[in-house]
Amino acid sequence: MEMDFERCYRAVDSRDQRFDGWFYTGVTSTGIYCRPSCPAITPKRQNVRFFPSAAAAQGAGLRACRRCRPDAAPGSPLWDVRADVVGRAMRLIADGVVDRDGVPGLASRLGYTERHLHRMLSAEMGAGPLALARAQRAQTARILIETTDLAMAEIAFAAGFGSVRQFNDTLREVYASAPSDLRTARGRQQAPTGAGTIALRLAYRPPLHSRALLDFLAVRALPGVEAVRDGTYHRGLRLPHGTGQVALTPVDGHVAATLRLADLRDLAPAVARCRRLLDLDADPAAIDATLAADPALAPAVVAEPGIRVPRAVDGFEQAVRAIIGQQVSVTSARTTLTRLLTAHARVDHEVIATDDGVPGRQLHDQRGEPGDLRGFLGAEELLGLPDSGFGMPVGRREALRGLARAVVDGTVDLAAGADREEAVRRLLALPGIGPWTANYLAMRAFGDPDILLSSDLAVRRGAAALGLPDTPPTLDRYAERWRPWRSYATIRLWRAA
């Protein structure tokens, strides 16, 4: 990634938060690296180097600043915009693929050799996949040290390190402190109670229109899976090593997250998926500037700055929601999805009772409280449901089964790091999936920031309300001026409707 020295230095000199995560400032005279908004005295030009990633700064022998916590900065918005191999690799590394499957597993997912992948990442990010994953492990370890009372050996393996020695060496190198010193430095901060419970802050670039996010999620919330209560979004998670629950509360300057994980190795993927769900790595200043240049959208942008695209924690879940939501209202789709989950819970209850005589859990408690939330059902679980469990027309039921089979056999990849164009092409080849469904998934499951759902009825109504063309061909032509942020325009048109 090319970086102009003068532009980067001006951002550092003005302590501009908008550039946090875009690049990192290395100060050779002190041996530390910072985020651009670090409140410390601006270093002299001759003592400054700029790096495209924290891993690149660490590779140059620099340690993380203890004041601005550069490793906790928002991620680069480039990985939302870019659909190339480097962008996909960064999304998969954030989701913990290297920790679970190693660099060979990452290279296999991307369809390249390890050597070529290392070459591409080093050229763009200043570090290879192993170094990028190592930087993430260090940040995960620091979170666990500062927010739990776990033994250091447990933290080492939960963060993805192969040994306690590797864990100790890495933290000393990255933070210039022993792990025990990091825990001492947290002072009187009390670790959250409960096994597997972690409280942390998720940074974002302001502004964030949190009410729009919560409104969007609340109207689509599924009982037993998610709930919005008193400004907090709760949901269950399906994670690589087990299950989890999260409570996300947007506050000033960050989103407060409380995670309960069955396996602490899932911390990094859980954080990555929560960030993706709330679109926390977006660059709202750039997005709003483009959309506000259109006089039709300018008043809405001024009134509601920082609108994000709510994305997904699970690609298969979002695909099922999209298929069920075809040509029906949000309320109707929610009713059908609830019926599907109830049928799954009933089958799950019967299996549990048959196996060990223990009653199955209720889908949700009678008071409507978030309670014991679980993740959405998986592809294999959907295939195990009887016809009577779907409660929908035969064509839609078979479309869901066709999708589930394609996911199980690997024909369709719905992960955030999937090749967007290839995934859309394969989705369109499945029965019952048309352009609206595939594009909706490109926007919400794959994170494409430049999707306009011009055939969507609510989008057309919103366009009409703003005095814009409201037929798909004319709206498509008009929307060229919104590139590359047409997904954000889609959300604004939905709100205008």
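The preceding data block contains the structure.
Described in the following lines is the structure provided in the data block. All of these numbers come straight from a predicted model, not from anything done at the bench.

Cut-offs and rules
- Residues numbered from 1 in each chain as written.
- Predicted model: local features only at pLDDT ≥ 70, side-chain atom pairs only at ≥ 80, totals over all residues.
- Heavy atoms only, no water.
- Salt bridge = Lys/Arg side-chain N within 4 Å of Asp/Glu carboxyl O.
- Helix = DSSP H or I, 4+ residues; strand = E, 2+ residues; numbered from the N terminus.
- Buried < 20%, exposed > 50% of the residue type's maximum accessible area, 1.4 Å probe, protein only.
- Phe/Tyr/Trp six-rings, centres within 6.5 Å; stacked < 30°, edge-to-face > 60°.
- Lys NZ or Arg CZ within 6 Å of the ring centre and 35° of its normal.
- Contact = heavy atoms within 4.5 Å.
- 1 Å grid on protein atoms, 1.4 Å probe; cavity = no way out; pocket = protein on both sides within 12 Å on 5 of 7 lines; lining within 4 Å.
- Points joined across faces, edges and corners; volume = space filled by probe spheres on them.
- Nonpolar A, V, L, I, M, F, W, Y, C, P; charged D, E, K, R; others polar.
- Pairing = 2+ DSSP bridges.
- Axes fitted to C-alpha atoms, helices over the stretch in contact; angles between N-to-C directions.
- Parallel < 35°, antiparallel > 145°, perpendicular 65-115°, else oblique.
- Lys, Arg positive; Asp, Glu negative; His and termini not counted.
- Polar contact = N/O pair within 3.5 Å; in protein donor to acceptor, adjacent residues only side chain to side chain.

### Description of the pattern of salt bridges
One pass over the full model with this rule turns up 32 salt bridges. Put simply, Arg-238 and Glu-381 hold a salt bridge, and the shortest N to O gap is 2.9 Å. Here Arg-238, found in strand S7 (residues 232–239), pairs with Glu-381, found in helix H17 (residues 379–383); they are 143 residues apart in sequence, far enough to count as distant. The closest approach of N and O atoms between Asp-450 and Arg-486, which form a salt bridge, is 3.0 Å. Of this pair, Asp-450 sits in the loop between helix H20 (435–444) and helix H21 (457–465) while Arg-486 sits in helix H23 (residues 486–496); the two residues are 36 residues apart in sequence, bridging distant segments of the chain. Per residue, the accessibility class of Asp-450 equals that of Arg-486, and both read buried. By sharing partners, the salt bridges in this structure join Arg-211, Asp-215, Glu-304 and Arg-495 into a single network.

### Brief notes about the packing of aromatic side chains
One pass over the structure, following the stated rule, counts 11 aromatic pairs. Centre to centre, the rings of Trp-436 and Tyr-440 are 5.0 Å apart; their planes meet at 15°, and the pair counts as stacked. Separated by 4 residues within a single helix, Trp-436 and Tyr-440 lie in helix H20, roughly one turn from each other. By way of ring pairs, the aromatic residues Phe-5, Tyr-9, Phe-19, Phe-23 and Phe-50 are connected into one cluster. Note that Arg-142 overlies the ring of Tyr-175, its terminal NZ or CZ placed 4.6 Å from the centroid. Above the ring of Tyr-478, the side-chain terminus of Arg-481 is found at 3.7 Å from the ring centroid.

### Some words on the environment of Ala-415
If you trace the backbone, Ala-415 turns up in the loop between helix H18 (394–408) and helix H19 (420–428). Each C-alpha atom, one on Ala-415 and one on Ala-300, is 32 Å from the other, the two residues being 115 residues apart in sequence. The contact partners of Ala-415, leaving out residues within four places of it in the chain, are Arg-109 and Phe-446.

### Some details on the layout of surface pockets
In this structure, the second largest pocket encloses a volume near 920 Å³. Contributing to the lining of the second largest pocket are 35 residues, with Arg-220, Val-328, Val-330, Trp-436 and Asp-456 lying nearest its centre. At 5 residues, the largest contribution of residues to the lining of the second largest pocket is made by helix H11 (residues 210–219). Its residues assigned to classes, the lining of the second largest pocket shows 17 nonpolar, 9 polar and 9 charged.

### What to know about the sheet that holds strand S4 (residues 63–64)
On the basis of which strands lie adjacent, the open sheet formed by 4 strands has the order S3-S1-S2-S4 and mixed pairing. Whereas interior strands pair on both sides, the edge strands pair on one side only; in this sheet they are strand S3 (48–51) and S4. In the sheet, strand S2 (residues 32–34) pairs with S4 via 2 bridges, with the strands oriented parallel. Each bridged residue has a counterpart across the sheet, and for Ile-32 the counterpart in S4 is Arg-63. Docked against the sheet, helix H1 (residues 5–13) engages strand S1 (24–27) and S3, running at close to 100° with respect to S3.

### A word on the sheet that holds strand S6 (residues 226–229)
Within a sheet, neighbouring strands are paired by backbone hydrogen bonds and run either parallel or antiparallel to one another. Pairing is antiparallel in the open sheet, where 5 strands are placed in the order S5-S9-S8-S7-S6. The sheet is open, and its two borders are formed by strand S5 (197–203) and S6, each paired with just one other strand. Taking the axes of each pair of neighbouring strands and ignoring which way they run, one obtains an average angle of 25° across the sheet. Across 7 bridges, the pairing between S5 and strand S9 (residues 254–261) is antiparallel. Its bridge partner lying in S9, Ile-198 is registered against Leu-259. Sheet strands touched by H11: S6, S7 and strand S8 (242–251). Its angle to S6, the strand with the most contacts, is close to 135°.

### Brief notes about empty space enclosed by the protein
Within this structure, the stated rule accounts for 3 cavities of 30 Å³ or more. The calculated volume of the largest cavity comes to roughly 110 Å³. For the largest cavity, the lining is made up of 15 residues, of which Glu-226, Glu-317, Gln-318, Arg-321 and Arg-444 are closest to its centre. Mapped by element, the contributors of at least two residues to the lining of the largest cavity are H11, S7 and helix H15 (315–324). In terms of residues, the lining of the largest cavity owes the most to one element, H15, which gives 3 residues. Here the lining of the largest cavity is composed, by residue class, of 6 nonpolar, 1 polar and 8 charged.

### So, the packing of helix H5 (residues 97–110) against helix H7 (residues 129–147)
For the pair H5 and H7, the least separation of the axes is 10 Å and the interaxial angle reads 170°. Relative to H7, the element H5 lies roughly antiparallel. Each of Val-98, Asp-99, Val-103 and Leu-106 in H5 lies in contact with H7, whose residues at this interface are Pro-129, Leu-130, Ala-133, Gln-136 and Arg-137. Here the contact of H5 with H7 is built from residues that sort into 6 nonpolar, 1 polar and 2 charged.

### Focus on the side chain of Arg-205
Mapped onto the fold, Arg-205 is located in the loop between S5 and H11. No salt bridge is formed by the buried Arg-205, whose closest oppositely charged neighbour, Asp-281, lies at an N-O distance of 4.9 Å. A polar side-chain atom of Arg-205 sits 2.6 Å from the main-chain carbonyl oxygen of Asp-20. Within polar-contact distance, the side chain of Arg-205 engages the backbone oxygen of Ala-282 at 3.5 Å.

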